[in-house]
Structures are given as structure tokens and as C-alpha cells.
Amino acid sequence: MNQFGLIIQETTAGSNQQFVSSHLDINSPEIKETITDERTLASQLANLSDVYSVQVTKNYKVYSLIVTNLTDFLGRSGYYAIRLYGPKGVNLTNFESILANIKVKFNNYTISNTLNNQNYDAILSSILIVENDRKDIVALKSPMNFFYYFDDLNSTLSTVFNTKGVHLVHKIYAFNKNKAVNESIALSSGLKSFSQINASQKEINIVNNYGVLNELKINDQLVDFNPNLTEFNVLCQNNDVLVYNSKDDKTYKTITNNFISIEKKFIPKSQPQNTYNKSTTNKKKNNENAMYLIVGFMVLLIGSGMFYFLDKDTPSDVPVTVTDGTGTGTGTGTGTETGTQNPPKDKVKGFEFKKNPYKKTSDFEYTTSYNNKLSKCKFVFTGPKWSYFKENKNSAMDFYKKTLINFDLTPEEQESFIGELEKMSGHPILEEAETKNAAKSVNENKAATTPKNNDTQKENTKVKQIKSKVKPAEKKPAEKKVTEKPDENKI
């Protein structure tokens with residue numbers, strides 16, 4: 001698509017557009033801003049001479065030729081304007097000749113009454129860009145229109161229209177100095193001299209690589225800029241004050257130099273390091289707390305394990321059925337036991353002991369359910385010997401290995417009983433013959449199991465009485481010998 005467009009505006013039969021390039025939207029606010037009624041300024045001040053104008057908008061730079069030696073159908077002064085639209089960043093040095101060629105062709109269409117067949121593509125496509133300054137310039141435009149006078153040779157007109165000062169004004173009109181009204185009349189009509197614009201101005205290069213520029217103000221007025229541009233120039237007067245802020249820092253900062261790069265908000269290197277250290281510290285604290293919990297849990301677990309191993313020999317309160325290897329057994333266990341099951345850890349050769357804390361010592365009392373006699377007894381190690389209690393008896397009797405003869409056990413069963421009880425308790429069981437108390441214990445055991453003879457008891461009682469009488473009688477003769485000794489002479 002051609003980067004140049006054309007609009008021809010005429011007032012011979014009212015103000016209307018005689019030609020509009022297809023890619024230009026005549027109804028857009030930007031285009032409407034360039035199509036103004038030139039009769040109030042150009043036509044009245046030009047004295048029927050040609051007037052040139054230049055105007056910079058957001059996207060275009062518009063070069064215009066305004067022909068004022070024209071009247072409408074009522075004989076009133078009129079004009080037609082040929083407006084050439086080019087890219088904003090392109091400066092044309094030969095715009096006068098381009099506009100002159102379009103003027104000739106338009107007049108031919110008018111004379112031949114073939115305005116409906118207008119075609120200027122050949123002229124537009126042949127435009128050569130001799131000077132191409134594509135630097136984007138942003139400026140706060142003055143709402144006023146300015147003027148400039150040129151001579152008949154137009155020697156400096158292209159230079160004036162391509163100065164950067166045109167970005168600071170709404171529109172510049174260039175009048176023929178030899179044909180137009182004098183400068184005083186132009187000033188009285190509301191125009192400003194363009195020379196004062198070029199007298200003092202400054203240009204600031206702004207780099208916006210990160211796209212964080214948020215607002216730009218000149219003298220507290222917002223300036224329109226393209227946020228997608230990574231670089232552009234701001235044009236203003238020397239005494240103008242420029243400020244800006246960014247998306248990550250809304251504080252306004254003053255621009256004092258001719259170059260500035262809008263950076264992201266500065267974050268000291270130490271800050272993320274401190275943030276990281278803080279996070280790491282929190283993690284360390286969390287890890288330490290977790291370690292404390294884990295260590296506490298392990299201590300509890302180890303303590304429970306030690307208690308289990310130290311107390312693993314303590315049987316449950318519910319007796320377990322004891323089998324003799326034939327596959328059958330009797331008891332009050334939690335379930336039916338069979339010969340194929342593994343015997344309990346405490347059971348050896350048919351014996352199983354149950355140990356319970358002994359209330360009088362720190363040791364245990366042991367019971368077994370092997371047979372009726374044994375099941376009714378409790379065996380206790382009272383140190384350095386063993387004792388046992390019969391059923392419902394509170395008095396203890398000494399217990400030795402040979403005591404088992406009173407329980408109708410075979411030698412093998414006695415040996416198994418003794419070995420298992422010693423293994424389980426960790427205390428040896430004494431032989432009856434190994435101590436003086438062994439005979440006494442046997443007699444007591446026999447006395448406990450054999451009915452006593454009343455006559456024997458009486459005889460023992462008499463013996464004791466005789467012994468008690470004899471001992472005092474043996475002392476009396478000795479006393480007599482001592483007292484009778486002086487009477488020997490009588491004999």
C-alpha cells in the first residue's frame with residue numbers, strides 16, 4: 001500500500017471533499033483535525049496568492065497547498081486545498097513540486113469535468129524520500145497557529161517546514177512576502193510568529209527498553225506518546241519542566257538532562273539476599289523444630305521398645321492353653337489351640353509360667369497351670385531362697401528342688417519345672433541337702449502333708465517338761481558344797 005495519501009478540499013459549491021485516498025478515513029478525529037475552513041485565515045491574508053501549510057498529527061505529517069484565487073458560484077472568495085499525507089517521521093524536501101503536479105492534474109479534471117475519474121496513484125507512488133528522518137518526536141503542541149513569510153523564490157520554505165519546531169505548534173502557514181498582508185495584520189488576526197518557536201528549544205532522548213514508562217508531563221500537562229516505542233525524542237522549550245513516573249514507581253521524577261533511560265525500580269542487591277536469608281532462617285527453624293519432634297518421637301519409640309523387651313516375658317492375664325505335643329490341650333485361652341501351633345516363648349517341655357508383680361518385693365510371683373496341685377500354688381523368690389504359697393494360704397513355706405516330690409511329678413517333669421522356673425526368673429532353686437535349713441524344710445513340708453499323731457505331740461511335751469525340771473536340780477548340790485565345807489572337822 002502507498003504510504004502517501006491525498007485529500008482535495010474545495011469551496012466552489014460549499015465546503016466539500018473532491019478527492020480522498022481510499023486508505024484515509026475522512027471521519028476519524030485525526031483527519032478531521034486537518035480539514036479546516038481556510039477562508040478565515042489563509043484566504044483573507046494571502047491576497048489571492050498561494051499559501052503553504054504544514055501540520056503534524058499523531059500519525060501523519062501533512063503538507064498542504066491552499067489556492068486562494070478562486071471564487072464560489074456566488075462570487076465570494078473561496079479556495080481549494082491539496083493535502084498530502086505522509087508518515088509522521090518522513091520529511092520531504094520536494095513537497096512543493098509534488099503539490100504543484102497534483103494541482104495541474106486536478107485543474108485538468110475540473111476543466112474536463114471528469115472529477116469522478118481522478119487518479120493520482122502515479123504521482124503518489126513516484127514520491128522519492130530524499131531526507132528520511134524517522135526519529136519519533138513527542139511534543140506538547142501549542143493550541144495556536146503560527147505563520148512564516150517566504151520570498152518568491154521559496155529558497156528556504158522546505159527547510160522551515162522540516163525543522164523540529166513544527167512539532168510544537170498546531171499548524172504553520174507560509175505566506176508570500178511580496179503578495180500577502182504585512183506581518184502586523186497577521187499578528188492581529190491571531191497568528192503567532194514561527195521565529196519565536198525556533199529561538200529556544202531543547203530535545204530530550206528517552207529510552208524505554210523495559211516499557212515501564214507510565215506518564216510523561218510537560219508543565220503539568222500529559223503528553224501523548226506511544227508506549228510500544230523503545231526510544232523517542234521529546235521536544236520542548238528551554239524553560240519547560242518535564243516529569244515522569246513509571247509503572248512500578250508512581251512517584252514523579254524531574255528530567256534535567258538531554259538523555260534518560262527509564263529503568264525498572266531499583267532494588268538493592270542486599271534486599272533479595274536478606275529476603276532469602278530470612279526465608280532460609282525460617283526454613284532452618286522449621287527444620288530444627290521438625291528435628292526436635294523426630295528426636296522426641298524416636299526417644300519415645302526406643303523407650304517403648306526397651307520396655308517391651310524388658311517386660312516381654314510377662315504373660316497376659318488370660319491363660320493360654322498348654323499342649324503336650326499331641327495336638328490337643330485344655331485351658332481358657334482366647335481361641336482353640338492345636339498341636340500344629342508354635343508353643344509360647346515361655347513354655348518348655350509342657351510348662352508355662354505366668355508372672356505377676358509380687359506386692360512385698362520388687363520381684364514377681366510365678367504360677368503355672370500344669371496340674372491341679374501346681375496350679376493352686378504361687379512361687380516367690382524372697383532371696384536367697386524360694387518360697388511358695390498354697391491356695392488361699394497367706395503364710396509362705398520354703399521351696400527347694402526336692403519339694404516337688406510332694407506334687408506327684410516324674411523326675412523328668414521335676415527337672416523341666418526347675419529348669420524353666422530358673423530360666424524365667426533368673427534365680428537358682430536350692431537343693432534341700434545344701435543347707436541346714438533343708439532338713440527343717442523337708443520336715444515342715446512333710447508335716448504340712450502328713451497328719452500328726454496326738455500321742456507323739458504329748459510325748460514331746462513331756463520331754464520338754466522333764467528337761468526343764470532337771471536343769472535347776474543339778475545346780476543345788478554345788479551350792480551345798482560351798483556352804484558345808486567349814487564342817488569337815490565334824491566328820
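Let me sum up the structure you'll find in this document.

Conventions used here
- Residues numbered from 1 in each chain as written.
- Predicted model: local features only at pLDDT ≥ 70, side-chain atom pairs only at ≥ 80, totals over all residues.
- Heavy atoms only, no water.
- Helix = DSSP H or I, 4+ residues; strand = E, 2+ residues; numbered from the N terminus.
- Buried < 20%, exposed > 50% of the residue type's maximum accessible area, 1.4 Å probe, protein only.
- Contact = heavy atoms within 4.5 Å.
- Pairing = 2+ DSSP bridges.
- Axes fitted to C-alpha atoms, helices over the stretch in contact; angles between N-to-C directions.

A word on the overall build of the chain
So, point 1. Looking only at helices and strands, the chain has 13 helices and 23 strands in total.
So, point 2. Going through the 491 residues of the chain one by one, you find that 35% of them count as buried.
So, point 3. Within the chain, counting contacts between residues at least 6 apart in sequence, those at least 24 apart form 63% of the total.

A short note on the pairing of strand S5 (residues 77-87)
So, point 1. Within S5, 10 of the 11 residues are buried, which leaves it mostly tucked inside the rest of the structure.
So, point 2. Pairing between strand S1 (residues 5-10) and S5: six bridges, direction antiparallel. For Leu6, the partnering residue across the bridge sits in S5 and is Leu84.
So, point 3. Relative to S5, strand S4 (residues 60-71) runs antiparallel, the two being bridged by 10 bridges. The residue of S5 that forms the bridge with Lys61 is Gly86.

Some remarks on the sheet that holds strand S13 (residues 231-236)
So, point 1. Across the sheet, which stays open at both edges, the four strands sit in the order S6-S13-S10-S16 with mixed pairing between neighbours. Two strands bound the open sheet, and with one partner strand each, they are strand S6 (137-139) and strand S16 (259-261). For this sheet, the mean angle separating the axes of adjacent strands, direction not counted, is 25°.
So, point 2. Judged from the six bridges that link them, strand S10 (residues 202-207) and S13 form a sheet pairing that is antiparallel. The residue of S13 that forms the bridge with Ile204 is Val234.

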